[in-house]
Amino acid sequence: MTQSAKNSLTDSSWWSSMGQIVLGCLMVAIAFVVFINPYDLVPGGIYGLALVLHNIFPSVQVGTFGYMFDVPLILTALLLFGGTFGGRTIFASFITPGIMNILDYLVYPSREAIEALDPQLLLGGQIDLSQHLMLAAIIGGCFSGVGVGLVIRNNAATGGTDITGMLLHKFAKMKFANGVLLSDAIIVLSGLLVIGFGIGIDGPGQGVMLSLYSGVCIFVNAKILGYTIDGASRDKLLYIICENHSEDMRNYILKDLDRGGTYLKAKGMYTDNDKEMIFLVVSRKEVRKVQQKIKEATGADVTAEQIYSGEIDELVKNAVEDLIIDESVREFCKSAESAAEPEASEA
């Protein structure tokens, strides 16, 4: 056993992180087994595709289909990206389908009930939301969003379309996010054709309305995922402009707020006078404090533009050197993009 492995086993933070990954995978599994699969909602992703295929081949569990896709994708990613593809992602990708299969046997009374995914047999009919599909979509989206968020916060991913996004980025020169979006869109469309219109299954389809409920699930999942990763608060981008910024203002930002900022040279369009501008990101609660301090120190005005953490355009990302984003998300995104980026040095 290597020294790093020994250190990990004795590190309480490592165990806490792995525990959160397992909890996140469990929440994803609960979302699909209890609130998504019984009502044929297809919220994209590998498990959405697995649900579509389960409707065509009901004898194969959704989790088993998940393994059928995740294992080849993970092996491909290991071959192409090597060490940049994290062990935690492999761990999360392997345990999630397994937990789903185990939960199937715990919440359904028989093998036939698992094949049918009948909500009336789910936990003895105690959680039958057949007449409340909106509620099922919302709860399923919440559980899935929190679960995936916990996994990502701990530098892992649940595999699936994340890997296809990396592959499309590498070979099709497509942006990582667009690759994931394209993969999910194809899966949702397949769900509409198979489950909605009944193509490839016995009996009539369930109509377009089911796809609309799937869209609600996707929307809720995305929102909850963002809150879990970045927090529910929205940051403010402040432009502080005056002739000369005082040392008192600089110390207030660096020491009292414990933030970083960027000095930018500016020129007034009307006066043609040179000015200084501080480019600063603060939390919503800190905006009023900054405005009050600026008024005391310089008399300058503040204009605030509301932004979303993680959705900052390239200009802002290049300009804000000390923007505080959740470290785990930044590392995960960095590793995903670096892994999918072609090796320019060999070109």
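Conventions and cut-offs
Residues numbered from 1 in each chain as written. Predicted model: local features only at pLDDT ≥ 70, side-chain atom pairs only at ≥ 80, totals over all residues. Heavy atoms only, no water. Salt bridge = Lys/Arg side-chain N within 4 Å of Asp/Glu carboxyl O. Helix = DSSP H or I, 4+ residues; strand = E, 2+ residues; numbered from the N terminus. Buried < 20%, exposed > 50% of the residue type's maximum accessible area, 1.4 Å probe, protein only. Core = buried A, V, L, I, M, F, W, Y, C linked by side-chain atoms within 4.5 Å. Contact = heavy atoms within 4.5 Å. Axes fitted to C-alpha atoms, helices over the stretch in contact; angles between N-to-C directions. Parallel < 35°, antiparallel > 145°, perpendicular 65-115°, else oblique. Left-handed = near helix turned anticlockwise from the far one by under 90°. Phe/Tyr/Trp six-rings, centres within 6.5 Å; stacked < 30°, edge-to-face > 60°. Lys NZ or Arg CZ within 6 Å of the ring centre and 35° of its normal. Pairing = 2+ DSSP bridges. Nonpolar A, V, L, I, M, F, W, Y, C, P; charged D, E, K, R; others polar. Disulfide = S-S within 2.5 Å.

A. Seen up close, the pattern of salt bridges. As enumerated under the stated definition, the model contains 2 salt bridges in all. For Glu115, the salt bridge identified is with Arg111, shortest N-O distance 3.7 Å. With Glu115 and Arg111 both in helix α6 (residues 111–116) and 4 residues apart, the pair spans about one turn of that helix. Here Glu115 falls in the partly exposed class, since its relative accessible area comes to 30%. Residue classification places Arg111 among the partly exposed positions, given a relative accessible area of 30%.

B. Local environment of the nonpolar core. Among the nonpolar cores identified, the biggest contains 58 residues, and Met100 and Tyr108 are the most heavily contacted of them. Ranked by the residues each element gives to this core, the list is headed by helix α2 (residues 12–36), at 11 residues. Non-local contacts of Met100, meaning those with residues more than four positions away in its chain, are made with Ala29, Phe32, Val33, Asn37, Tyr47, Val62 and Gly63. In this structure, Leu238, Ile240, Met249 and Leu257 belong to the second largest nonpolar core, which totals 12 residues.

C. Here's a closer look at the packing of α2 against helix α5 (residues 87–107). Where α2 meets α5, the axes come as close as 8 Å, and the angle between the chain directions of the two elements is 45 degrees. Accordingly, the angle class assigned to the pair α2 and α5 is oblique. The chirality of how α2 crosses α5 is right-handed. Residue-level contacts link Trp14, Ser17, Met18, Ile21, Val22, Cys25, Leu26, Val28, Ala29, Ile30, Phe32 and Val33 of α2 to Arg88, Phe91, Ala92, Ile95, Thr96, Ile99, Met100, Leu103, Asp104 and Val107 of α5.

D. Spotlight on the side chain of Ser214. Among the structural elements, Ser214 can be located in helix α10 (residues 209–230). Ser214 gets classed as buried once you look at its relative accessible area, which sits at 4%. Setting aside residues no more than four positions away along its own chain, Ser214 makes contact with Asp40, Leu41 and Val42.

E. Representation of the packing of aromatic side chains. Applying the stated rule across the entire model yields 4 aromatic pairs. Ring centres 4.9 Å apart and planes at 85 degrees place the aromatic pair Trp14 and Trp15 in the edge-to-face group. Under the relative-accessibility criterion, Trp14 is labelled partly exposed at 24%. Judged by centre distance (6.4 Å) and plane angle (45 degrees), the ring pair of Tyr67 and Phe94 falls under tilted. Pair noted here: Tyr67 is in helix α4 (residues 62–81) and Phe94 is in helix α5, with a separation of 27 residues, a long-range link. Since its relative accessible area comes to 34%, Phe94 is described here as partly exposed. Residue placement shows Lys170 over the ring face of Phe171; its charged tip is 5.9 Å from the ring centre.

F. Local environment of the pairing of strand β2 (residues 261–267). As paired elements, β2 and strand β3 (residues 274–282) share 7 bridges and run antiparallel to each other. Paired with Tyr263 across the two strands is Ile278, which belongs to β3. The antiparallel pairing of β2 with β3 creates a hairpin that spans 6 residues between the two strands, and Asp272 there sits at a positive phi of about 65 degrees.

G. Here's a closer look at the packing of α2 against helix α7 (residues 133–153). Where α2 contacts α7, the axes come no closer than 7 Å and their chain directions differ by 160 degrees. The angle between α2 and α7 places the two elements in the roughly antiparallel class. Two packed elements cross with a definite hand, and for α2 against α7 that hand is left-handed. Residues Gln20, Ile21, Leu23, Gly24, Cys25, Met27, Val28, Ile30, Ala31, Phe32, Phe35 and Ile36 of α2 form the contact with α7, whose own contacting residues are Ala136, Ile139, Gly140, Phe143, Ser144, Val146, Gly147, Val148, Leu150 and Val151. In terms of residue class, the contact of α2 with α7 is built from 17 nonpolar, 5 polar and no charged.

H. Inspection of the state of the cysteines at higher detail. One pass over the structure, following the stated rule, counts 0 disulfides. In this structure Cys142 is a free cysteine whose sulfur lies 8.9 Å from that of Cys217, the closest cysteine sulfur available. On the basis of relative accessibility, which here comes to 1%, the residue Cys217 falls in the buried class.

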